[in-house]
Amino acid sequence: MKIHWFRFLIVSVSVCIMACTNINEQVYNQGINIIPKPQNITEQEGSFVLDKTTAVKLQSSDIKSVADYFLRKIQLSTGIELLRDNAEKMLVLQVDSTLPLNLEGYELMVRPDTITVIGKTPQGLFYGMQTLMQLLPAEIESSQKVCGAKWIIPCVSVVDEPAFPYRGMHMDACRHFTPVDFIKKQLDVMAMFKINRFHWHLTEDQLWTPEIKKYPRLTEVGSVRYNQDGSVATAGFYTQEEMREVVAYAAERFITIVPEVEMPGHALAALAAYPELSCTGGPFHTRPVWGIEPELFCAGKEGTFHFLEDVIDEILDIFPGEYIHIGGDECPMVRWEQCPLCQQRMKEEGLRNETELHGWFLRRMENYIRSKGRKIIGWDEILDGGASSTAAVMSWRGDVGGIKAANSSHHVIMTPGQYCYLDYRQGGRTVEPLSMGPCTTLEKIYSFNPIPESIEASQRHFVLGAQVNVWREYIFTTDHMEYMIYPRALALAELTWTPTEQKDFPDFVRRVNNAYVRLDEHHINYHIPLPEGPVGNEMEFVDTVSVAFFNTRNYPMYYTVNGNNPTIKSTLYQNPLFLDKTTTIKIITVLPSGKISQIRTVNYVKTDYAPAYQGNTQPGIWMRHVDGLFSNSAAYKNVQFSEPKVIPCFTPVDLNKLDDYKTPWVEIYEGYFEVPEDAVYAFAVNSEELWVDGKLILDYNNKVARNLTTVVTKALAKGKHRFQLNKNNSIKQGFPDTWRETTFYIQSPDDDFLVAVKESQLSH
Ligand code: ACM
Ligand code: ZN
């Protein structure tokens, strides 16, 4: 018994010593680290030490829940249960509706013996308390007692309020189902950074997620997405009880939920359940691929509107917020053009075209929602067919829609793709995972100003704020979701709270280093900039090569060339590495907290230029085709393809054939490509396999998607080289090969952009 006890003591002491590396001394805890940066903050001499002699005093009973929220958190990390009596040191909380601030504003005074937090409203008080938490060491966010720490708060005066009332984060629950516990975890973090809107994208072509009691088939049929081979790709829905629970959880954190029910497009999951609501009558199944679906709700049938009104009734009952989002984006009009009932409706309503029918559809739904005392938001397409003036517009196709909307007196939320879409990668294509598209670094999103110059000064107040969007086509796991969200959501928090002229990116990055530790305490899998430089991880060179690395935020990097995994004790990267023999470089980025990035491993292989083909060739390339579903290249190895046929170039993919995915096939292209000089060339491909000079150099077999994230280089002599490209149009995780144009990409490794191989370079 005694021995056990003794052993226990040793274990606890050693855990404590490990945890007790003096947090007060840590570089990330130095200075003032509040995100979003307060509008007015003055530092003063001295500090307040939070300890067990501190008492808390509430000036009114209506703020008890706000106080309890923070006292609970403080007790978890500090072990201090604040006294409720008067004491020498006081934390005084109050609400004063006469403060000359907007409704979310607050004042905070820290003096050596008293902290006073005054909110204009309970919400303002909540934000004042979040600011106070951020004046404490980052470990205050721990859910376990942090031993040995001193909880010191520097003396300051803060007077603060947000620049914009709408500071939003969107999440796509439908491309991959997003569970309730994960959402609650994000709400905790959003609240820390004063983000106050959660846009819950509940319905899609791929999944219908809200339980609607009147229409049980919506979730029975519409909440499963299948792979092409019949296996389940993703599934899930929210019961009404769960949604109410999330609403309450968000409300405790002063976050309003904006639920989105998409119409008239992005609705195939609903149509799979109730095909009679479509123009053609179906049958349908939930969409197995990403992209834009041609089936819409039929605008000619009254039944469509009865259904949607019933759905909205249940949604309004669950979600008490002012706004309901009704989508409106990405509606091809082909079904409406072909539908007698839709055409009849256009005649009756005097609508000149289907775009006006789209406008009419959404105005009709808006009228219904307004009759229930609520307002709508729609994506900026709602402007195309004439939105009513009371509709708010979410500008996603750049800022053009937002400018137009604000100038014509619509309320606007800015969420332009190139700044605010968190499904875009946040570093180089080779180091970052597969993503929706272009690069949006932390710096880029931070630079976004929600009020473009071209909104007239008198109309600028129509911009309610901005939002980041987390679409999940390419985000398969919730860990990956956090990787995409953080730290970029913190930039959104600051650009919507702090006036543009007060933003300061280098100082923001310094504060993010502190926020990272807070995120660690919430077990958030945030992004750490990766070592970039080499365009790929499988690199060839001839003679010698100089290899330079960088990362998007200039954090220190450490590397090895002996095969060992690097640590902060490895060599600090300072200058480009000079290689004259085959070498494997392993390199990491290190944050001020000591946390390291994933290891990047780059193989540099010393070689000669591969000789060019010396025979004659003719224009065009060989193509062989076979219809069928093949899960990988082994599955079509022994099947009978069509006779090879010479075609001028790769078969173009008709992006207008929106349901091409319904007929899977494989094509194999063969021939020669020509390069202009002896050089090292980089290759990428959006297909299953690429072979060069008889070697398989790019292989996406069994990967979830064909992508352009993997680049390899080959040293090639001037002239023609043999290639084979395998294109497999089976669907894996919603991503068929036909997604982008068929080709392979070839470039000099020094170029930034991948360039498609040209028809003039090809022969057979
Ligand atoms: C959208 O990204 N389709 C709004
Ligand atoms: Zn119709």
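Residues numbered from 1 in each chain as written. Chains lettered and ligands numbered in written order. Predicted model: local features only at pLDDT ≥ 70, side-chain atom pairs only at ≥ 80, totals over all residues. Heavy atoms only, no water.

Caption draft 1: Just empty space enclosed by the protein, in detail. Under the criterion given, the structure shown has two cavities of 30 Å³ or more. By volume, the largest cavity is sized at about 50 Å³. The wall of the largest cavity is formed by Gly359, Leu362, Arg363, Glu366, Ile376, Ile382, Gly386, Ala387, Ser388 and Ala391. At four residues, the largest contribution of residues to the lining of the largest cavity is made by helix α11 (residues 354-371). Looking at the lining of the largest cavity residue by residue, the classes come out as five nonpolar, three polar and two charged. Computed from the structure, the second largest cavity encloses a volume of approximately 30 Å³. For the second largest cavity, the full set of lining residues is Gln426, Thr441, Leu442, His527, Thr552 and Arg553. Here the residues of the lining of the second largest cavity sort into one nonpolar, four polar and one charged. (1 Å grid on protein atoms, 1.4 Å probe; cavity = no way out; pocket = protein on both sides within 12 Å on 5 of 7 lines; lining within 4 Å. Points joined across faces, edges and corners; volume = space filled by probe spheres on them. Helix = DSSP H or I, 4+ residues; strand = E, 2+ residues; numbered from the N terminus. Nonpolar A, V, L, I, M, F, W, Y, C, P; charged D, E, K, R; others polar.)

Caption draft 2: Quick peek at the pattern of salt bridges. A full pass over the atoms with the stated rule returns 33 salt bridges. Residue Arg244 pairs with Asp317 through a salt bridge whose shortest N-O separation is 3.4 Å. Of this pair, Arg244 sits in helix α6 (residues 240-252) while Asp317 sits in helix α8 (residues 302-318), and the two are 73 residues apart along the sequence. Judged by relative accessible area, which is 34%, Arg244 ranks as partly exposed. (Salt bridge = Lys/Arg side-chain N within 4 Å of Asp/Glu carboxyl O. Buried < 20%, exposed > 50% of the residue type's maximum accessible area, 1.4 Å probe, protein only.)

Caption draft 3: Main features of the sheet that holds strand β4 (residues 106-110). Strand order in the open sheet formed by six strands is β1-β6-β4-β5-β3-β2, with mixed pairing between adjacent strands. Whereas interior strands pair on both sides, the edge strands pair on one side only; in this sheet they are β1 (40-50) and β2 (54-58). Looking at each pair of strands side by side, their axes are set apart by 20° on average, direction ignored. Inspection of the sheet shows β4 paired to strand β5 (residues 114-119) by five bridges, in the antiparallel sense. Residue pairing in the sheet places Val110 in a bridge with Ile115 of β5. Lying on the sheet, helix α3 (residues 122-135) is in contact with β3 (89-95), β4, β5 and β6 (151-160); it crosses β4 at an angle near 35°. (Pairing = 2+ DSSP bridges. Axes fitted to C-alpha atoms, helices over the stretch in contact; angles between N-to-C directions. Contact = heavy atoms within 4.5 Å.)

Caption draft 4: Local environment of the confidence of the model for the chain. Summarising the model, the chain shows a mean pLDDT of 93, and 95% of its residues fall at 70 or more. Below pLDDT 50 for its whole length, residues 1-19 participates in two contacts with residues either more than four positions away or in separate chains. (pLDDT = per-residue confidence, 0-100.)

Caption draft 5: Geometry of the coordination of the zinc ion (ligand 2). Each protein donor to the zinc ion (ligand 2) is listed here as Cys279 (SG), Cys298 (SG), Cys339 (SG) and Cys342 (SG); together their distances run 2.3 to 2.4 Å. Sequence positions of the residues that donate to the zinc ion (ligand 2) give the spacing C-x18-C-x40-C-x2-C. Placement of the pair is Cys279 in the loop between α7 (268-273) and α8 and Cys339 in the loop between α9 (334-338) and α10 (340-349), with a sequence separation of 60 residues. Of the two residues, Cys279 and Cys339, neither departs from the other in class, the shared state being buried. (Donors = N, O, S within 2.8 Å, 3.2 Å for Na, K, Ca; no water.)

Caption draft 6: Broad picture of the packing of aromatic side chains. Tallying each qualifying case throughout the model produces 40 aromatic pairs. Pairwise contacts between aromatic rings join Tyr69, Phe70, Phe126, Tyr127, Phe254 and Trp497 into one cluster. In this structure, Arg253 packs its charged tip against the face of Tyr249, placed 3.5 Å from the ring centre. Positioned over the ring face of Tyr672 is Arg722, at 5.5 Å from the centre of the ring. (Phe/Tyr/Trp six-rings, centres within 6.5 Å; stacked < 30°, edge-to-face > 60°. Lys NZ or Arg CZ within 6 Å of the ring centre and 35° of its normal.)

Caption draft 7: Molecular detail of the sheet that holds strand β8 (residues 197-201). With respect to topology, eight strands assemble into a closed barrel ordered β7-β8-β11-β12-β13-β14-β15-β18, the strand pairing being parallel. Across this sheet, the average inter-strand angle for adjacent strands is 30°, counted without regard to direction. Both strand β7 (residues 166-172) and β8 contribute to a ladder of five bridges, which runs parallel. Within β8, the residue paired with Met171 across the bridge is Trp200.

Caption draft 8: Molecular detail of unusual backbone geometry. Residue Ile35 is joined to Pro36 through a cis peptide bond whose omega torsion reads -5°. Relative to the helices and strands, Pro36 is located in the loop between α1 (2-19) and β1. Backbone torsion omega between Gly282 and Pro283 reads 0°, so that peptide bond is classified as cis. Mapped onto the secondary structure, Pro283 falls in the loop between α7 and α8. Here Glu330, not a glycine, exhibits a phi torsion of approximately 45°, which is positive. Phi is positive for His523, which is not a glycine, with a value near 55°. With respect to the helices and strands, His523 occurs in the loop between α17 (505-521) and β19 (538-541).

Caption draft 9: Molecular detail of the side chain of Arg600. Along the chain, Arg600 falls in strand β25 (residues 600-606). Despite being buried, Arg600 has no salt bridge partner; Glu532 is the closest side chain of opposite charge, sitting 6.8 Å away. Among the polar contacts listed, one links the side chain of Arg600 to the side chain of Asn537, at a separation of 2.8 Å. (Lys, Arg positive; Asp, Glu negative; His and termini not counted. Polar contact = N/O pair within 3.5 Å; in protein donor to acceptor, adjacent residues only side chain to side chain.)

Caption draft 10: Quick look at the nonpolar core. Within the largest apolar cluster, 162 residues are counted, with the highest numbers of intra-cluster contacts made by Trp200 and Phe361. Ignoring anything within four residues of it in the chain, the contact list for Trp200 reads Met171, Ala173, Ile183, Tyr238, Met243, Val246, Ile257, Val258, Pro259, Glu260 and Phe319. Judged by nonpolar contacts, the second largest core, of 25 residues, contains Met623, Val675, Val685 and Val712. (Core = buried A, V, L, I, M, F, W, Y, C linked by side-chain atoms within 4.5 Å.)

Caption draft 11: Looking closely at the pairing of β5. The element β5 is largely enclosed, with a buried count of five among its six residues. In terms of strand pairing, β3 meets β5 through six bridges, oriented parallel. Paired with Met90 across the strands is Thr114, a residue of β5. The antiparallel pairing of β4 with β5 creates a hairpin that spans three residues between the two strands.

Caption draft 12: A look at helix α12 (residues 400-407). Among the residues making up α12, those that are buried are Gly401, Gly402, Ile403, Ala405 and Ala406. Those residues of α12 that are buried are in contact with β14 (392-395), β15 (412-414) and β18 (463-470). A positive backbone phi angle near 70° is found at Ser409, which sits one or two residues after α12.

Caption draft 13: Examining the side chain of Asp172 more closely. Relative to the elements of secondary structure, Asp172 occurs in strand β7. At a separation of 3.1 Å, a polar atom in the side chain of Asp172 contacts the side chain of Arg175. The residues contacting Asp172, other than those within four sequence positions of it, are Thr178, His201, Val470, Trp471, Arg472 and Glu473.

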